[in-house]
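Read off the chains here:
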Amino acid sequence: MAKKKEASEEKQHVAVVNKKSLSFLEKYINNPSPTGFEWEGQKLWLDYIKPYVDETYVDNYGTAVAVINPTASYKVVIEAHADEISWFVNYITSDGLIYVIRNGGSDHQIAPSKRVLIHTENGTVPAVFGWPAIHTRHGGEKEETPQLKNIFLDCGCTTKEEVEALGVHVGCVITYEDQFTVLNDRYYVGRALDNRAGGFMIAEVARLMHENKKKLDFGLYIVNAVQEEIGLRGAEMIAHRIKPNVAIITDVTHDTTTPMINKITQGDLACGKGPVVSYAPAVQVNLNKLLVETAQKNNIPFQRQASSRSTGTDTDAFAYSNEGVVSALISLPLRYMHTTVEMIHKEDVDNVISLIYHALLAIKKDQDFRYIK
């Protein structure tokens, strides 16, 4: 009986996120950072991470980089992306209604009745996605579903001129109002957990390195990239600037245990069961083995996922840059991606942080990951 008790104690979860870091996460999630307009969120991230690193810099499009051991020749990147999906003002009608286009993969089906903020040079303008009342949609006709052509914003104006007087014009970016919450003391819930949760986790890795006084034999580049949601563009740019030897990317992936998701095509993944290690052409096998062995050695639960052709994450941008960068992907399971109620499990967040942290400690100076030497 004693042996069984000891085994269960060994598997007991160890929390990583503390009160200070959770306070930052809430502030960071609540701050709007739409694709192409990420700089306010990047300021928050840089302010948080600066005490734990040697230097920071930002590129022309807003990707933020924090560096430990900047003079080292061997360079390792840990990376997430900072941008959230959003909308653009596309057309203002004569009676003051606003039609939109996507900025990233925004879901038209969740838009009706949502509250939003239109970002202008004069500040934010509140508005709502209107939708006809159910009483007006009867009569035997087939109901229209929400589509890009029929969803619209109402900011309380009755003319185009009135809208424009508020500072709203074509090209203004629009984000949802929804805020960060904790559900059942188990899940973090909010918009833009895809993938500011990733930016948070890599910052926490830097915090652990600093607090535990760990010395690395290489330069560590903690990268919070922009414009992932429209084609991995921020990662593409910064990879060429840093020219890393190794890159470990973290992003979200689908929890497939909720209704209307096919496990045969999407895989079998769940929140609360640990980080997800990916298998894909862009994922370097020897680095991936290091991640798996690190998880096993440190009793970190993990799951596996296969991706056909590409991962759809910044992993692909790093892997295929600079004549080939040794790259791997650690994903965070998430429910309800690209909605305003994205959900991630608290223990998964801790475990992703722990896996990246211990993986970095396992990488040797000038390590050669080639298959054939």
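Now for a look at the structure at hand. (Residues numbered from 1 in each chain as written. Predicted model: local features only at pLDDT ≥ 70, side-chain atom pairs only at ≥ 80, totals over all residues. Heavy atoms only, no water.)

**A look at the overall build of the chain**
- A count of helical and extended segments in the chain gives ten helices and 17 strands.
- Considering only C-alpha atoms, the chain reaches an extent of 65 × 50 × 40 Å along its principal axes.
- Each of the 373 residues in the chain was classed as buried or not, and the buried ones make up 54%.
- The long-range fraction of contacts in the chain, counting pairs at least 24 apart against all pairs at least 6 apart in sequence, stands at 76%.
- Accessible surface for the chain amounts to roughly 18,100 Å². Of this, 50% is attributable to carbon and sulfur atoms.
- Looking at the chain, you have 39 positive and 46 negative side-chain charges, and the mean spots of the two groups are 8 Å apart. (Helix = DSSP H or I, 4+ residues; strand = E, 2+ residues; numbered from the N terminus. Buried < 20%, exposed > 50% of the residue type's maximum accessible area, 1.4 Å probe, protein only. Contact = heavy atoms within 4.5 Å. Areas by Shrake-Rupley, 256 points an atom, 1.4 Å probe, with all protein chains shown as cover. Lys, Arg positive; Asp, Glu negative; His and termini not counted. Charge placed at Lys NZ, Arg CZ, Asp CG, Glu CD.)

**Re the packing of aromatic side chains**
- Throughout the structure, instances matching the rule amount to eleven aromatic pairs.
- Pairing F37 with F88 gives two aromatic rings, centres 6.2 Å apart and planes at 70°, and the pair type is edge-to-face. Taken together, the residues F37 in the loop between α2 (19–30) and α3 (39–49) and F88 in strand β4 (residues 86–92) connect sequence positions 51 residues apart.
- Looking at F37, the relative accessible area reads 29%, which means it is partly exposed.
- Here the aromatic residues F24, Y28, Y48, Y52 and F200 are joined through ring pairs into a cluster of three or more.
- Residue placement shows K114 over the ring face of Y176; its charged tip is 6.0 Å from the ring centre.
- Above the ring of Y28, the side-chain terminus of R196 is found at 5.5 Å from the ring centroid. (Phe/Tyr/Trp six-rings, centres within 6.5 Å; stacked < 30°, edge-to-face > 60°. Lys NZ or Arg CZ within 6 Å of the ring centre and 35° of its normal.)

**So, the side chain of E79**
- With respect to the secondary-structure elements, E79 resides in strand β3 (residues 75–81).
- Excluding anything up to four places from it in sequence, E79 contacts I202, V223, A225, A235, I248, I249, T250, D314 and F318.

**What about the environment of V276?**
- As for its placement among the helices and strands, V276 is situated in strand β14 (residues 276–279).
- On the basis of relative accessibility, which here comes to 0%, the residue V276 falls in the buried class.
- Placed 42 residues apart in sequence, V276 and F318 show a C-alpha to C-alpha distance of 19 Å.
- Every residue in contact with V276, bar those within four places of it in the chain, is listed here: T253, L269, Q303, R304, Q305, L329, I330, S331 and P333.

**Focus: a nonpolar patch on the surface**
- Together, V285, Y371 and I372 make up an exposed nonpolar region whose accessible area comes to about 360 Å².
- By relative accessible area, V285 is classed as partly exposed at 40%. (Patch = residues over 30% accessible without salt bridge, like charges linked within 9 Å, V, L, I, M, F, W, Y side chains within 5 Å. Salt bridge = Lys/Arg side-chain N within 4 Å of Asp/Glu carboxyl O.)

**Some details on α3**
- Those residues of α3 that fall on the buried side of the exposure criterion are G41, Q42, L44, W45, L46, Y48 and I49.
- Taken together, the buried residues of α3 touch α2, β1 (55–58), β2 (64–68), α5 (193–211) and β12 (219–225).

**With respect to the sheet that holds strand β10 (residues 181–183)**
- Read from one edge of the open sheet, three strands run β10-β11-β17, paired in antiparallel fashion. On the outer flanks of this sheet lie β10 and β17 (342–345), each paired with one strand and no other. Neighbour-to-neighbour, the strand axes of this sheet turn through a mean angle of 30°, independent of strand direction.
- Strand direction decides the pairing type here: β10 and strand β11 (residues 187–190), joined by three bridges, are antiparallel. For T181, the partnering residue across the bridge sits in β11 and is V189. (Pairing = 2+ DSSP bridges. Axes fitted to C-alpha atoms, helices over the stretch in contact; angles between N-to-C directions.)

**What about unusual backbone geometry?**
- Look at the link from D194 to N195: it is a cis peptide, with omega at 0°.
- Relative to the helices and strands, N195 is located in helix α5.
- The backbone of S113 shows a phi angle near 75°, a positive value even though the residue is not glycine.
- For S113, the location among the structural elements is in the loop between β5 (97–103) and β6 (115–120).
- Overall, the relative accessible area of 59% leaves S113 in the exposed class.
- Even without being a glycine, Q227 presents a positive backbone phi close to 55°.

**Quick notes on the layout of surface pockets**
- Reported here for the largest pocket is a volume of approximately 460 Å³.
- Lining the largest pocket are 27 residues; nearest its centre among them are V252, T253, H254, Q305 and T311.
- Contributions of two or more residues to the lining of the largest pocket are made by β13 (246–254), α7 (263–266), β15 (303–306) and β16 (326–334).
- Among the elements that line the lining of the largest pocket, the one with the most residues is β13, at four residues.
- Looking at side-chain class alone, the lining of the largest pocket contains five nonpolar, 17 polar and five charged residues.
- Volume-wise, the second largest pocket comes out at about 360 Å³.
- As for the second largest pocket, its lining consists of 21 residues, of which H13, V14, I300, N351 and S354 are closest to the centre.
- It is helix α10 (residues 346–362) that contributes the most residues to the lining of the second largest pocket, six residues altogether.
- Within the lining of the second largest pocket, the residues separate by chemical class into seven nonpolar, nine polar and five charged. (1 Å grid on protein atoms, 1.4 Å probe; cavity = no way out; pocket = protein on both sides within 12 Å on 5 of 7 lines; lining within 4 Å. Points joined across faces, edges and corners; volume = space filled by probe spheres on them. Nonpolar A, V, L, I, M, F, W, Y, C, P; charged D, E, K, R; others polar.)

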